[in-house]
Structures are given as C-alpha cells and as structure tokens.
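# Remarks on the overall topology
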Amino acid sequence: MSSTTTTRAARTRPTADPSAFRSPAFLLRTSLARTAVELKELSRSWDALIFNVFFPIIFLFIFGSVFSGDVAPGVSFTQYFTAGMAASGVLLVSFQSLAISIAVERDDGLLKRLEGTPMPPAAYFLGKVGLVVVTGAVQMAVLLAAAHLLFDVDLPAGPQQWLTLAWVTVLGAAAGTLLGIAYSSIPRTGRSASAVTAPVVLVLQFISGVFFVYSQLPGWMQDVAAVFPLKWMAQGFRAALLPDTMAAAEPAGSWQLGLIALVLAGWTVVGLVLCRTTFRWRRRGDG
C-alpha cells in the first residue's frame, strides 16, 4: 500500500466523538469502574482495611470486654460506647481514609496521570464516594451485629430511631468525605499523610464523646468539640441507640436532632467549598 493510500485511510478512520466523554452515561460507567478499582485496592491493602474499616469493631471488643458497668440505670457502658464507635467509624472510612489515600495517590503521580485521561474528573470523586458508601455500610452492619451478638447491645428501638441512624450516617459520611478530600491537600508528601491526619482524628475522638461520656468531659473540651462534626455524629448515634431518657443527660438536655442535621449539613457545604478551592491534581512544584 502506498504512503498516499495510508495517509488517506488514516484521515478517514473514525474517531471517538468528544461529546461521548461528557455524557451522563459515560460518567456513570467510569464512576462505577473507579468504585470497583477503589474497592479492589482496599481489599488488597490489609493495613488500610483493618485501621479504616475494622478498627472501631476491634476497639468495641476491647473496651466492651474490659468495662462492664453502667453509665446510667439500664444503659451499659458498651451501649454508650457503641454509639461513639459508630460515629468514629464513619469518620475513619470517610475523612481519614480519603485524606491519606488521596495524598498518597497525588504524591505517586496517579492523580496527574488520571488528569490526562478522558475520564471525567467527577468520576474520580464519585469513585471515592462509592468506596465510602460501601465500606461505611459494611462497617456499620458488622459493628451493630457484633455489639448486639457479643455484648447484648440493643439495636434501634423503632422506625424513628433507624431513620435517625440512617440520616446521621449519610450526613456524617458526606461531611467526612468532602472534608477528607479537602484535607488531602495539606500533607506535603504521601509518606507524611498518616502523621498529619491520624493525630487530628485521635484528638477529635477523645474530646467528642467517643471514648468517654461526653457530659462528663470538661466544659472547655465540650465547647471545642462542638465546633467539629464528630461530636454531633456521636450525639446523633446516641439518639438512635440509647433510650430517650438519656437525652436529659446531654449538656443541652435533649438530643438536638435539628441542630445535628444543621451542623452536619453546614460542614458538608464547607467541605464542598474547600474541595473546589484547595484540591490539587499534582504535587507541589509539578506546575
């Protein structure tokens, strides 16, 4: 075949329609593909799987085996602690998991390579959302099952409590996911991501009523915790898992469900704004 014929064939060869890469169907397919990739990578990383997904369940087993007293008549420490671990679990699979993994992927150059592909940028973030949804649902189901079967913890008493459990989980995961994506821009390298992220999560756990009865913490500590979403997630899960009589033990004397929804929704908006203004596909110095 002559060079002229070859050139003519190359010119007439069909090319992909650029609009196809911007269609909702393509976004859906690539988002599901990214979710599958994220789940596969997590399943192959045992350290991330244990510390981000099963860490609350491990802590529940340890604390539930050591502390057997009641925090109030008819309410065991394990029942109270389960609510805190549910909130902590949501924070781990959303905020901590994404803040560390995205920082590592940026440092490894993965984000830079993905930026140069036809994949819509939204598909990458939706893949992370899919990861949080799946791992969060598995973690919550295993945590509640373990608490009920091993420590006789009561599950939500009725439809209203189950609904509270659901919307607190959704809003908490949404806020944690967006804040985790935004926070991933803080670590300077992938190696420093855990060191920069884990202490923040640990401090929030100690001051937000996860490891201790929240009303028994110093007042200044409660005031600091009330700024951040973990405290409100823990309070929402207490509303779902504890008897209504325990609402009087809260600092405000009630569960404040409306305020919980408002604060978590507010942090979700803040996280979205921070994501749009701070997220970087490339490492510092890459241009």
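Residues numbered from 1 in each chain as written. Predicted model: local features only at pLDDT ≥ 70, side-chain atom pairs only at ≥ 80, totals over all residues. Heavy atoms only, no water.

### Here we look at the packing of aromatic side chains
Under the convention used in this document: Any Phe, Tyr or Trp ring, taking Trp's six-membered ring, that has another such ring centre within 6.5 Å forms a pair; planes under 30 degrees apart are called stacked, those over 60 apart edge-to-face, and the others tilted. The secondary structure listing takes helices from DSSP runs of H or I that are at least 4 residues long and strands from runs of E that are at least 2 residues long, numbered from the N terminus. Only protein chains enter the area calculation, which uses a 1.4 Å probe; residues under 20% of their type maximum are buried, those over 50% are exposed, and those in between are partly exposed. Throughout this description, the term charge over a ring refers to an Arg CZ or Lys NZ atom that lies within 6 Å of the ring centre and within 35 degrees of the ring normal.
Enumeration over the complete set of coordinates arrives at 17 aromatic pairs. Plain terms: the ring middles of phenylalanine 63 and phenylalanine 81 are 4.7 Å apart, the flat faces sit at 20° to each other, and that makes the pair stacked. On the criterion of sequence distance, the pair formed by phenylalanine 63 in helix H3 (residues 46–66) and phenylalanine 81 in helix H4 (residues 77–107) is long-range, its members being 18 residues apart. Residue phenylalanine 63 is classed as partly exposed on the basis of its relative accessible area, which comes to 21%. For phenylalanine 81, a relative accessible area of 1% corresponds to the buried category. Here a set of aromatic residues connected by ring pairs shows up, and it is made of Phe55, Phe59, Phe63, Phe77, Phe81, Phe206, Phe211 and Phe212. Cation over ring: arginine 106 sits above phenylalanine 279, and NZ or CZ is 5.3 Å from the ring centre. Taking NZ or CZ as reference, lysine 231 lies 3.4 Å from the ring centre of tryptophan 232, over its face.

### Examining the pattern of salt bridges
What counts, and what does not: Any carboxyl oxygen of Asp or Glu within 4 Å of a side-chain nitrogen of Lys or Arg constitutes a salt bridge here.
As enumerated under the stated definition, the model contains five salt bridges in all. Residue arginine 34 is joined to glutamate 38 by a salt bridge in which the shortest nitrogen-to-oxygen separation is 3.0 Å. Of this pair, arginine 34 and glutamate 38 are both found in helix H2 (residues 24–44), four residues apart, which corresponds to roughly one turn of the helix. In this structure arginine 34 comes out as buried when scored by relative accessible area, which is 10%. On the basis of relative accessible area, glutamate 38 is assigned to the buried category, the value being 4%. Where glutamate 105 meets lysine 128, a salt bridge forms, and the shortest distance between an N and an O atom there is 3.1 Å. Separated by 23 residues along the polypeptide, glutamate 105 in helix H4 and lysine 128 in helix H6 (residues 121–151) bring together distant segments of the chain. Classification of glutamate 105 by relative accessible area gives buried; the value is 8%. Owing to a relative accessible area of 1%, lysine 128 belongs among the buried residues under this scheme. One connected set of salt bridges, linked through shared partners, spans Arg34, Glu38, Glu105 and Lys128.

### Details of H4
Spelled out, the test is: A helix is expected to span 1.5 Å multiplied by its residue count minus one. Note on bend: at a given residue it equals the angle between the axes fitted to the 7 residues ending there and to the 7 starting there.
The terminal C-alpha atoms of H4, which comprises 31 residues, lie 42 Å apart, in line with the 45 Å expected from a rise of 1.5 Å per residue. By the largest-angle criterion, leucine 92 marks the main kink of H4, which is about 35°. Taking burial as the measure, the 31 residues of H4 include 28 buried ones, the bulk of the element. Immediately downstream of H4, the backbone of glycine 109 shows phi near 90°, a positive value.

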